Amino acid sequence: MKVRNSLMMAGALVLVVSVLAGCRANEQGRVLSFQKGTYLGKSEAPLSDSTLRALRARASNQSGPVELAFSSRGGAGASILDTEALRKRSAGQNDNN
Amino acid sequence: MARMKFLCDAERCIECNGCVTACKNENDIPWGINRRRVVTIGDGKPGERSISVACMHCSDAPCIAVCPVDCIYDTEDGVVLHSKDLCIGCGYCFFACPFGAPQYPQAGTFGSRGKMDKCTFCNGGPEEDGSSAEFKKYGRNRLYEGKLPICAEMCATKALLAGDGDEVSNIYRERVTYRGFGSGAWGWGTAYQLKSDS
């Protein structure tokens, strides 16, 4: 009886140890504990200086023509249309003279 | 060090939805998810404006603050990314985001929320840069290739600007100076201004 109890205890101990060992974060392949407010996952590698230079060059390509706007509002150059030239041309349509 | 930002010039957006289509195509976005959307205010009325909205990659992102499993982080270049390995799909970030950026695919028969998905500024995610695992989970990593987000590069009227904050603000400043009025940079203040108590 005593031997049987000892064997059962040893078996239970082995079981508990193996279960706890299976909970190790490096074996799970994921984060198991959290630190409040801290990201603990895999992180993104920062961009290299040459990549950042290329990105800045591409960003400056976005400038395009400044006069392009589709607003109905006024302003110094709110329209892409040359309103003065259009006014002259529309006046030219008048053949009453 | 760069600080990546989006700017949508509402004076130029013509609601073509090219940015939405380009984003879906480039990142292989599944049905039911739109990382970017075009919203029209005052549709059909004088003064109608359209704006292209996605994650603005805020300077002090509220989604990072509310995430219960801390799966959202910002990179050294100012891009707000998240780990789909850690996300539990709780939806807190959706309620915190002023732009409604986080999206959740339907997962399971009863429509439970899957892992959060959002705009990554075409910077992939926390997997090896340019790997197939990164593309499958997060979409294309264009920044790693030295390219800007596809939505901005595809914009026909250059209404949507993306890139280093200095470059973007220089371009917009030039336009405002020419126009003579400064409206149009929708969401810029909400996303990038310093919070009063920080």
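Cut-offs and rules
- Residues numbered from 1 in each chain as written.
- Chains lettered and ligands numbered in written order.
- Predicted model: local features only at pLDDT ≥ 70, side-chain atom pairs only at ≥ 80, totals over all residues.
- Heavy atoms only, no water.
- Core = buried A, V, L, I, M, F, W, Y, C linked by side-chain atoms within 4.5 Å.
- Buried < 20%, exposed > 50% of the residue type's maximum accessible area, 1.4 Å probe, protein only.
- Contact = heavy atoms within 4.5 Å.
- Helix = DSSP H or I, 4+ residues; strand = E, 2+ residues; numbered from the N terminus.
- Patch = residues over 30% accessible without salt bridge, like charges linked within 9 Å, V, L, I, M, F, W, Y side chains within 5 Å.
- Areas by Shrake-Rupley, 256 points an atom, 1.4 Å probe, with all protein chains shown as cover.
- Salt bridge = Lys/Arg side-chain N within 4 Å of Asp/Glu carboxyl O.

Novice: Help me understand the nonpolar core, please; the structure alone is not making it clear to me.
Specialist: Across soluble globular proteins, nonpolar side chains show a tendency to be buried alongside one another. In terms of nonpolar packing, the biggest core is built from 50 residues, with Met4(B), Phe6(B), Ile72(B) and Leu160(B) touching the most fellow members. Excluding its chain neighbours within four sequence positions, the residues that come into contact with Ile72(B) are Tyr39(A), Cys63(B), Ile64(B), Cys67(B), Val80(B), Leu81(B), His82(B), Cys93(B) and Met116(B). Counting five residues, the second largest nonpolar core, distinct from the first, contains Leu161(B), Val168(B), Ile171(B) and Tyr172(B).

Novice: Honestly, unusual backbone geometry in this entry has me stumped. Any pointers?
Specialist: A negative phi angle characterises most non-glycine residues, just as the trans form characterises most peptide bonds. Residue and element names in this part refer to chain B. Backbone geometry places Asp28, a non-glycine residue, at a positive phi of 55°. On the secondary structure map, Asp28 appears in the loop between helix H1 (18–27) and strand E2 (37–41). Even without glycine at this site, Asp70 takes up a positive phi of about 50°. On the secondary structure map, Asp70 appears in the loop between helix H2 (62–66) and strand E4 (72–74). We classify Asp70 as buried; its relative accessible area is 8%.

Novice: Explain a nonpolar patch on the surface here, please?
Specialist: Taken together, the side chains of Val39(B), Ile41(B) and Trp186(B) define a hydrophobic patch exposed on the protein surface, amounting to about 260 Å² of accessible area. The class of Trp186(B) is partly exposed, set by a relative accessible area of 38%.

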